[in-house]
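Observations on chain architecture
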Amino acid sequence: MNVDQILQQFEATGAQTCFHGRHIEPQIYKDLNGSNWRLKDYIARGGYAALRKILGKEEGGSAEPMTQDQVIATVKDSVLRGRGGAGFPSGLKWSFMPRQFPGQKYLVCNSDEGEPGTCKDRDIMMYNPHIVIEGMIIAAYAMGITVGYNYIHGEIFRVYERFEEALQEARDAGLLGQNILGSHFSFQLHAAHGFGAYICGEETALLESLEGKKGQPRFKPPFPASFGLYGKPTTINNTETFAAVPWIIRNGGQAYLEIGKPNNGGTKIFSISGDVELPGNYEIPMGTPFAKLLELAGGVRKGRTLKAVIPGGSSSPVVPGAQMMELTMDYDSIAKAGSMLGSGAVIVMDDSRNMVESLLRLSYFYSHESCGQCTPCREGTGWMWRVVDRIWHGQGRPEDLDLLNSLADNIQGRTICALGDAAAMPVRAMIKHFRPEFEALIEQAAQRGAAHA
Ligand SMILES: Cc1cc2nc3c(=O)[nH]c(=O)nc-3n(C[C@H](O)[C@H](O)[C@H](O)COP(=O)(O)O)c2cc1C
Ligand code: SF4
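Fair warning: this is a prediction, and the values are worked out from it, not measured in the lab.

**Side note on helix α10 (residues 239-251)**
- For α10, a buried count of 11 out of 13 residues is recorded, marking the element as mostly surrounded by other parts of the structure.
- Considered for burial, the residues of α10 that qualify are T239, E240, T241, F242, A243, A244, V245, P246, W247, I248 and I249.
- The N-cap of α10, judged by a side-chain oxygen 2.9 Å from the amide nitrogen of E240 a few residues on, is N238.
- One or two residues past the end of α10 sits G252, with phi positive at roughly 100°.

Put into structure tokens, the structure is as follows:
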């Protein structure tokens, strides 16, 4: 069986994909079935109506085009927060673009999606690619940008090919390129693919990679809004962020905000993996209780109980299961619990999981993916992994937990990019919430040592 056949078999089950019908008020994944991704299907679902609206080109209508300020104000009203991880308000980010800059400005879509557990952007581009294209054209119009790129993770080449096909459809239909829909607005959009490095999801490493260089983060400031791609003003948003924009323009910012909860507008896609019956991508309103999301995913594996949840991708601190059951799925609620909504990758762990072993896997990932530019991250991530490794393999020392916390202290906030923080935070949280599991292994090691003395 070749890779395509395996994927088709897998997709047919609905697991891990977006067309399983267990969403709540979906906007991005609405009515998808795996094969209706083409331009004609998207238009039948109301696609490109938002673009027509901002350009004043609605069928049979005589409405004026929206101004750039009106588009940005609508996105601000929606309180659409960036879906790539940090949750920064998108309308505000768009307002930072120096629109009067006389040279080239760029728009970049971050489809690198390397955060462990995250697989939502892949499905958006595979099954609804035009929603990203439309969102990017609207963003480009709002910021006066004429060239854009979608940087797609290297290991999902099939998705990259699908996106290229959709781009060609849009160009052929006059939706991309010179004088879009006969207006004065022109926008060229290109797809580019990376080579699978996690760090290339960090926005400045992505820009370096897009320029053909080694993907390593830049010092900030200056931020991409003033010094981005090829040193020019650049706005970068996540795939899901752009995909949310057409609905907002069609229905208004306030309507989007009301679907979610204050300060957390709209729906959010959560990728649920781990010890649940029905792993997959789920689109639900912001502020939905975690318990409801877990129910949609079929609950914890039969015969098991919920032990812990990593709520926003592997870099977000772990939350004990009982505490998680009290939370709602939005940026503010998860932050109050000491963690982050991040990219929305919800990793569920049941009572069969040992937290030391889980942390070992995470620590290895971050030491492997460190780009090596700064000493605390390059040396510290490997050191943390080796300490966790010796605890797990029965050679832990009594001082190891203090050592791990001290290593985390010396990495967090002392590096060029947030990968250092991403590596440090899970260590601290695992020890804080599940200390007895670490201590038990260290104690056993001490007893074995005493017996052999
Ligand atoms: C190590 C690291 C990896 C990241 N990976 C991704 C990624 O895969 N996709 C993404 O959209 N953002 C990623 N980000 C966040 C981006 O730097 C950036 O904040 C985001 O693309 C902005 O888009 P948004 O405002 O729409 O969220 C990563 C950040 C760090 C520090
Ligand atoms: S924190 Fe790590 S990944 Fe980020 S620039 Fe420094 S070494 Fe590279």
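After that view, the rundown keeps rolling.
**Observations regarding the pattern of salt bridges**
- In this structure the tally under the stated criterion is 28 salt bridges.
- R378 is the partner of E379 in a salt bridge, and the nearest nitrogen-oxygen pair spans 2.9 Å.
- With relative accessibility at 43%, the residue E379 sits in the partly exposed group.
- The exposure class of R378 is partly exposed, given its relative accessible area of 36%.

**What to know about the packing of helix α4 (residues 68-78) against helix α7 (residues 129-143)**
- It is the contact of α4 with α7, at a shortest axis distance of 8 Å, that shows an interaxial angle of 125°. Between α4 and α7, the angle falls in the class oblique. Between α4 and α7 lies a crossing of left-handed hand. In contact with Q68, V71 and I72 of α4, α7 contributes I138, Y141, A142 and M143.
- Residue composition of the contact of α4 with α7, by class: 6 nonpolar, 1 polar and no charged.

**Thoughts on the site of ligand 1**
- Taken together, 19 residues are adjacent to ligand 1, and G84, K93, N110, N238 and T241 come closest.
- Take R83: an N or O atom from its main chain is 3.4 Å from an oxygen atom of ligand 1.
- E113 has a polar backbone atom sitting 3.0 Å from an oxygen atom of ligand 1.
- Protein burial of ligand 1: of its 610 Å² of free accessible surface, 89% is covered by the chains.
- With respect to the detected pockets, ligand 1 is housed in the largest pocket.
- At 3 residues, strand β4 (residues 234-238) tops the list of elements feeding residues into the shell around ligand 1.
- Residue composition of the shell around ligand 1, grouped by class: 4 nonpolar, 9 polar and 6 charged.

Reading the values: the criteria
Residues numbered from 1 in each chain as written. Chains lettered and ligands numbered in written order. Predicted model: local features only at pLDDT ≥ 70, side-chain atom pairs only at ≥ 80, totals over all residues. Heavy atoms only, no water. Buried < 20%, exposed > 50% of the residue type's maximum accessible area, 1.4 Å probe, protein only. Helix = DSSP H or I, 4+ residues; strand = E, 2+ residues; numbered from the N terminus. Polar contact = N/O pair within 3.5 Å; in protein donor to acceptor, adjacent residues only side chain to side chain. Salt bridge = Lys/Arg side-chain N within 4 Å of Asp/Glu carboxyl O. Axes fitted to C-alpha atoms, helices over the stretch in contact; angles between N-to-C directions. Parallel < 35°, antiparallel > 145°, perpendicular 65-115°, else oblique. Left-handed = near helix turned anticlockwise from the far one by under 90°. Contact = heavy atoms within 4.5 Å. Nonpolar A, V, L, I, M, F, W, Y, C, P; charged D, E, K, R; others polar. Near = heavy atom within 4 Å. Areas by Shrake-Rupley, 256 points an atom, 1.4 Å probe, with all protein chains shown as cover. 1 Å grid on protein atoms, 1.4 Å probe; cavity = no way out; pocket = protein on both sides within 12 Å on 5 of 7 lines; lining within 4 Å. Sits in = over half its atoms within 2 Å of the grid points.

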